[in-house]
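The lines below spell out each chain.
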Amino acid sequence: MKTFFRQNAVFISLSLMLVAALGLALLCLPKGDLHILLCNRHSQTRDLFYRYYTQIAEWFPYIVCLLLLLFGRIGSGVMASAAMAFSALTTQIFKHIVNAPRPVTWFAENMPDIQLPLVEGVRMNHWFSFPSGHTTSFFALAFVVSILATRCLLTGSSEANTPTMQPVKKSICAIIQIVLFFAAALGGYSRIYLCQHFAADVLAGVVVGITITVICYAIFNRFENKKWYNYRIIGPKSPQNAKK
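So, here's what we can say about the structure. Along each chain, residues carry numbers from 1 onward, in the same order as the chain's sequence is written. Note on the predicted model: pLDDT of at least 70 is required for a residue's local features to be given, and 80 or more for side-chain atom pairs to be given and counted; whole-chain, interface and lining totals, by contrast, use all residues. Note that the side-chain values use all heavy atoms of the structure and ignore hydrogens as well as water.

In this model, Phe-130 is joined to Pro-131 through a cis peptide bond whose omega is -5°. Only DSSP runs of H or I with at least four residues qualify as helices, and only runs of E with at least two residues qualify as strands; both kinds are numbered from the N terminus onward. Along the chain, Pro-131 turns up in the loop between helix H7 (103-110) and helix H8 (133-154). Even without glycine at this site, Phe-128 takes up a positive phi of about 60°. By the secondary structure assignment, Phe-128 is in the loop between H7 and H8. Partly exposed describes any residue whose relative accessible area lies between the buried limit of under 20% and the exposed limit of over 50%, with all areas from a 1.4 Å probe on protein chains only and scaled to the type maximum. Assessed through its relative accessible area of 32%, Phe-128 is described here as partly exposed.

Put into structure tokens, the structure is as follows:
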């Protein structure tokens with residue numbers, strides 16, 4: 001696991017920085033004030049963008065998992081599917097235990113004079129706010145793709161693993177992790193922008209998505225040398241030295 005954390009240090013570090021920043025903001029500002037501060041910069045372009053960008057978490061993870069199962073190693077596809085499924089399940093369990101009000105309900109009860117900047121065409125939810133399921137999916141998906149892309153680059157063909165190429169590969173991995181992190185963070189912010197979640201919900205979604213993905217990787221990585229893990233439905237078959 002030391003190698004895992006070292007290879008994925010950029011994505012993990014950025015995620016921890018985001019969690020720390022949100023945590024500090026929650027300590028310094030009241031819940032309602034922080035929400036207004038974060039969601040109060042609307043425009044027609046942003047409204048349109050976030051309205052549709054947030055929906056990526058509802059369908060894109062299924063496509064990625066299916067593609068990994070069909071064209072990647074079965075083990076990678078199973079790991080990705082498990083990370084997405086168990087992070088979603090964990091989120092739903094917490095949602096129903098906490099049963100926290102969404103922003104539209106909370107503001108109606110606690111700050112009725114505040115008019116939230118709602119986006120036209122977005123159906124507003126009223127309960128089960130904590131944690132944010134969309135944020136969980138965004139971060140679980142981004143982290144899974146980051147893990148697999150980084151591993152593929154750093155442990156690729158031996159011909160390309162020359163000392164000269166290693167710094168280049170590490171730089172490419174860092175760029176990929178940065179891009180994937182910001183894509184996930186943008187998805188988390190979309191939930192605040194659309195007034196579907198509070199900052200605390202997004203923070204919890206980040207933690208759940210990252211934590212469950214790490215756990216799933218730790219479990220399935222133990223089988224990386226097994227024949228079933230390396231089997232491919234479409235494409236090159238498993239290595240001959242893979243164990244049954």
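Within the secondary structure layout, Pro-103 lies in helix H7. Sequence-wise, Pro-103 and His-126 are 23 residues apart; in three dimensions their C-alpha atoms are separated by 7.4 Å. Any two residues whose heavy atoms approach within 4.5 Å are treated as being in contact. In contact with Pro-103, other than residues within four places in its own chain, are His-35, Leu-116, Ser-129, Cys-195, Gln-196, His-197 and Phe-198.

All right, on to the nonpolar core then. Generally speaking, a soluble globular protein has its nonpolar side chains buried in company with each other. Core analysis: the largest hydrophobic core is formed by 54 residues, its most contacted members being Phe-4, Phe-11, Phe-139, Phe-143, Leu-194 and Ile-210. Ranked by residues supplied to this core, first place goes to helix H10 (residues 199-220) with eleven residues. Discounting chain neighbours no more than four positions away, the residues touching Leu-194 are Tyr-50, Arg-51, Thr-54, Val-119, Val-122 and Met-124. Among buried residues, the Ala, Val, Leu, Ile, Met, Phe, Trp, Tyr and Cys ones that are joined through side-chain atoms within 4.5 Å form a nonpolar core.

Below, the discussion takes up helix H6 (residues 74-98). Across its 25 residues, H6 extends 36 Å between first and last C-alpha, which sits within 8% of the 36 Å expected from 1.5 Å per residue. The set of residues buried in H6 consists of Ile-74, Gly-75, Ser-76, Gly-77, Met-79, Ala-80, Ala-82, Ala-83, Met-84, Ser-87, Thr-91 and Lys-95. Looking at the residues trailing H6, positive phi occurs at Asn-99, about 50°. To estimate the expected span of a helix, subtract one from its residue number and multiply by 1.5 Å.

This brings us to the packing of H8 against H10. Here an axis means a line fitted to C-alpha atoms, over the contact stretch when the element is a helix, while the angle between two N-to-C directions is reported on a 0 to 180 degree scale. As a packed pair, H8 and H10 sit with axes 7 Å apart at the nearest point and diverge in direction by 40°. Between H8 and H10 lies a crossing of right-handed hand. For the pair H8 and H10, contact is made by Thr-135, Thr-136, Phe-139, Ala-140, Phe-143, Val-144, Ile-147 and Arg-151 and by Val-202, Gly-205, Val-206, Val-208, Gly-209, Ile-210, Thr-213, Val-214 and Tyr-217, respectively. When the residues that make up the contact of H8 with H10 are grouped by side-chain class, the tally is eleven nonpolar, five polar and one charged. Should the near helix be turned counterclockwise from the far one by less than a right angle, the crossing is left-handed, whereas a clockwise turn marks it as right-handed. All amino acids are sorted into three groups, where Ala, Val, Leu, Ile, Met, Phe, Trp, Tyr, Cys and Pro are nonpolar, Asp, Glu, Lys and Arg are charged, and the leftover types, Gly among them, are polar.

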